[in-house]
Structure formats: structure tokens, C-alpha cells
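Structural characterization, general
One-letter residues, chain by chain:
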Amino acid sequence: MSQQAEQESCGDQCVIDLSKRQKKVPTESQGDGRATLIILTQGTYGHHDDGFSAIQVGSALLAEEERATLLLLEDGVYFASRDQNPSSLGLPNNLRYIQDFLELGGRILALDTSLRRRGLSPEDLVPGVEVIPPSRMLKEIEAHHASVTF
Amino acid sequence: MAKTLTILLNRGPYISEYADLALKVALKAREKGHNVNLYLYVDGPWVAHIKAQKPYSNAGQLLRQALEKGVQVKICNRCAEARDVVAGDAIEGIPLVGLFDFTEWLRESDKVLTFTG
């Protein structure tokens, strides 16, 4: 582990802060071309911190210049809601982490069927999130070397 | 030939079977001669909090067995801190680390399993 990574991993309550990183998009040649798929099925700001923890894994991968894709399914689609504001709950807003993740080349995909079943549309999501049909899921799984689920 | 399995455990003990299942998979994989890593993430650090012997089957007991069998175990520092689990609260021999230790395991692994829900 690099010294920079070591310091960042244990500083500021161990939150990976991509805003301190230079903005660049990982290419297939970086990180030995490895790509990780992070699947998020849980909602956010509730009793679990799965959403925040999922994007933290993605941010750590991007910080090491590997490719990362966040795939939102089921209640996970709420994670990318463009108008989210948890200030009344006293919690930090995930929008900042989502923006940084996208700007550093992370991809965020949302399943269209999960969106529609919750009365959401692509316009309800943060710009840059790609809405995909279920048929794309297998292709995405095949295109990544490993996946983790939240 | 030995392969490397990394297990991501996001849930704590007793509330579901995930902690027990993750540890039983880890033990079985070690028995077969594979390298096994276990990262305790989100609510997973609670598993390492069960230090005392219990008169019933529990994840802490399985975790101690896994350590004895050579399973590499690490705890997410951020998750532990949020739950006020400090190094002295955890079973001895399990370090509190950042996420870069997990991404390093991801790179080294032939298979990755997540226990969550």
C-alpha cells in the first residue's frame, strides 16, 4: 500500500475523499485493466449505511486508478436521487460522493425496472447516471473481474 | 492448486445467518487448502466483538477457529469507529484497517463472495 493510500485510509474517519484527487478517467490499461462491479440493492439514509459503504469501495478503487461501476437495483436506485437532502436527519449528503465518483471516471448504472416500480424516472436521478434494462446486467457482470454486493 | 477467496461480510451476528455462513465457508475453504481473506465491513465488525466463550454456537467462536486455521481477518476502521468498536474490543489478532486493504485483497483474489442483505 502506498504511503498516500495508507494515510488516507486512516485519516478523516477513514472516508475516501476523491475531491482531493486529480480528475481523470481510468482507462482499460490502468490497474492491470481490472474492473469491479459494486451492486447496491439497499436504500439510503435509513437503518443501514450500505449505500455510503458501497460508494466508499468504489472511491477506493478509483483512488488506486482501477475501474469501478456502481449498479443500482431494487431500493438501491434511491441512492442516486438528484434531489436527496438528508439534512433534517442530521446525516451528510451522499451527492458529493456521487459527483466525485462520476468525475473520477466511475460509472453508475440504474436498472430501469427498479426505477419504474418505485415511480421514478431517469430525470429523477443525478445527471450522469445511466439507466439500463435488465438485459444489460449480464453483459456488465461479464465485463467486470469481480463483484461485491450491498 | 490453492486459490484465494476473499469474503466480504457486511452483517453482524445473531440477526441473520450471514455471519455464521461466511465463517463456515471460510473454514471449509481453508480445509480444502485455499487462502482465505475475511473483511468485516458495515455491521461485520460486531462479529469480532464476541470475545467471551458462550454456552451456545456463536460467530465469535467460529471467528476464533478461522483465525487459528489461518484465515486472514481485517476490520474496516471507519465502520468500527462509527460503532465505537475499538481495537481492544475485538478478538486479538484482527487489525483495524482502511478500505485500501480490501481493494488489495480484491486484486489478489480468484473469487470474491459477499454476505449481506
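Computed from a prediction, not measured in an experiment: that's the story for all the values here.

Once that is clear, we can look at helix H2 (residues 50–63) of chain A. Residue and element names in this part refer to chain A. The end-to-end C-alpha separation of H2 is 20 Å, in line with the 20 Å expected for 14 residues at 1.5 Å each. For H2, the tally of buried residues reaches 14 of 14 residues, placing the bulk of the element in the interior. Following H2 by one or two positions, Glu65 adopts a phi angle in the positive range, close to 60°.

Residue and element names in this part refer to chain A. Burial within strand E3 (residues 107–111) is extensive, with 4 of its 5 residues counted as buried. Judged from the 4 bridges that link them, strand E2 (residues 67–72) and E3 form a sheet pairing that is parallel. Looking at the pairing, Leu70 lines up with Ile108 of E3. A crossover links E2 with its parallel partner E3, the connecting element being helix H3 (residues 95–103), and its sense is right-handed. Bridging between E3 and strand E4 (residues 130–132) involves 3 bridges; their strand directions are parallel. Bridging across to E4, Leu111 finds its partner in Ile132.

On to the packing of aromatic side chains, then. On inspection of all chains with the given rule, the structure shows 5 aromatic pairs over all chains. Arranged with centres 5.2 Å apart and planes meeting at 80°, the rings of Phe52 of chain A and Tyr97 of chain A form a pair that is edge-to-face. Taken together, the residues span a long stretch of sequence, with Phe52 of chain A in helix H2 and Tyr97 of chain A in helix H3 at a distance of 45 residues. Accessibility classification places Phe52 of chain A together with Tyr97 of chain A in one group, the buried group. Among the aromatic residues, those joined into a ring-pair cluster are Phe150 of chain A together with Tyr39, Tyr41, Phe102 and Trp105 of chain B. The ring of Tyr97 of chain A carries the charged tip of Arg96 of chain A above its face, separated from the ring centre by 5.2 Å.

Reading the values: the criteria
- Residues numbered from 1 in each chain as written.
- Chains lettered and ligands numbered in written order.
- Predicted model: local features only at pLDDT ≥ 70, side-chain atom pairs only at ≥ 80, totals over all residues.
- Heavy atoms only, no water.
- Helix = DSSP H or I, 4+ residues; strand = E, 2+ residues; numbered from the N terminus.
- Expected span 1.5 Å × (residues − 1).
- Buried < 20%, exposed > 50% of the residue type's maximum accessible area, 1.4 Å probe, protein only.
- Pairing = 2+ DSSP bridges.
- Right-handed = clockwise from strand over helix to strand, strands pointing away.
- Phe/Tyr/Trp six-rings, centres within 6.5 Å; stacked < 30°, edge-to-face > 60°.
- Lys NZ or Arg CZ within 6 Å of the ring centre and 35° of its normal.

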